Amino acid sequence: MAIDWRTVLLLVPWNDVLKNAPKVADSAMKLWASATKRTPKQERSAAVAAAEPMEPQSIANLQSRLAAVEETAMELQGQMVASARVIKELADQNERLVGQAEVLRQKIVWLTRAGVVLFVLSAAGLFLALLDYW
């Protein structure tokens, strides 16, 4: 069963959407700014610095694991930046959509007023025409 778009649009709380659009845009900007910052330099942990020298195989194993973890962290950072970019674009689109909705609302108000004026003028003209007829 198809959903009527008019019904869907009537169910959207447009006042809330219009009221919260700037908050969404600001939050997206903050997320974008925080996601694109460079990660802080990693410090050596005190436990590793104080540890006794390890066997060469253990050190090589730890270095390879560390390299794998750093690569994974870089991939995750890239995914986070890409996700933040998408969220920012969606927030920008939402802001433009809300702006266009406001323009359309103003046009509807203007057209409604013009329709009421035309109706009143038509009714007055009909009334005057009927008065002259009788």
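Residues numbered from 1 in each chain as written. Predicted model: local features only at pLDDT ≥ 70, side-chain atom pairs only at ≥ 80, totals over all residues. Heavy atoms only, no water.

Trainee: I keep staring at the overall build of the chain and nothing clicks. Help me out?
Mentor: When helices and strands are counted, the chain shows four helices and zero strands. Reading the helices (α) and strands (β) of the chain from amino to carboxyl end gives α-α-α-α. Taking all 134 residues of the chain together, 7% fall into the buried category. (Helix = DSSP H or I, 4+ residues; strand = E, 2+ residues; numbered from the N terminus. Buried < 20%, exposed > 50% of the residue type's maximum accessible area, 1.4 Å probe, protein only.)

Trainee: What am I meant to see in the pattern of salt bridges here?
Mentor: If charged atoms from side chains of opposite charge come close, those side chains can pair. Overall, the coordinates contain two salt bridges when judged by the stated rule. Between Lys88 and Asp92 there is a salt bridge, and its shortest N-O distance comes to 3.2 Å. Taken together, the residues span about one helical turn, with Lys88 and Asp92 both in helix H4 (residues 56-133) at a distance of four residues. What makes Lys88 partly exposed here is its relative accessible area of 21%. The exposure class assigned to Asp92 is buried, which follows from its relative accessible area of 18%. Arg105 serves as the salt-bridge partner of Glu102, at 2.6 Å between the closest nitrogen and oxygen. Note that Glu102 and Arg105 are positioned in helix H4 at a spacing of three residues, about one turn of the helix. (Salt bridge = Lys/Arg side-chain N within 4 Å of Asp/Glu carboxyl O.)

Trainee: Quick question: what am I supposed to make of a nonpolar patch on the surface here?
Mentor: Taken together, the side chains of Leu126, Leu130, Tyr133 and Trp134 present a nonpolar region at the surface, about 620 Å² in accessible area. Summarising the element assignment, Trp134 is placed in the segment after H4. We classify Trp134 as exposed; its relative accessible area is 82%. (Patch = residues over 30% accessible without salt bridge, like charges linked within 9 Å, V, L, I, M, F, W, Y side chains within 5 Å. Areas by Shrake-Rupley, 256 points an atom, 1.4 Å probe, with all protein chains shown as cover.)

Trainee: Would you mind going over the confidence of the model for the chain with me for this structure?
Mentor: Detailed reading of the predicted model is not advised wherever pLDDT is low. Chain-level pLDDT for the chain is 78 on average; 77% of the residues reach the 70-or-more range. Put simply, helix H3 (residues 46-50) is where the chain has its lowest mean pLDDT, 45, and H4 is where it has its highest, 88. (pLDDT = per-residue confidence, 0-100.)

Trainee: How should I be thinking about the environment of Glu95 in this particular structure?
Mentor: Relative to the assigned elements, Glu95 resides in helix H4. Between the alpha carbons of Glu95 and Leu18 there is a distance of 8.8 Å; along the sequence they are 77 residues apart.

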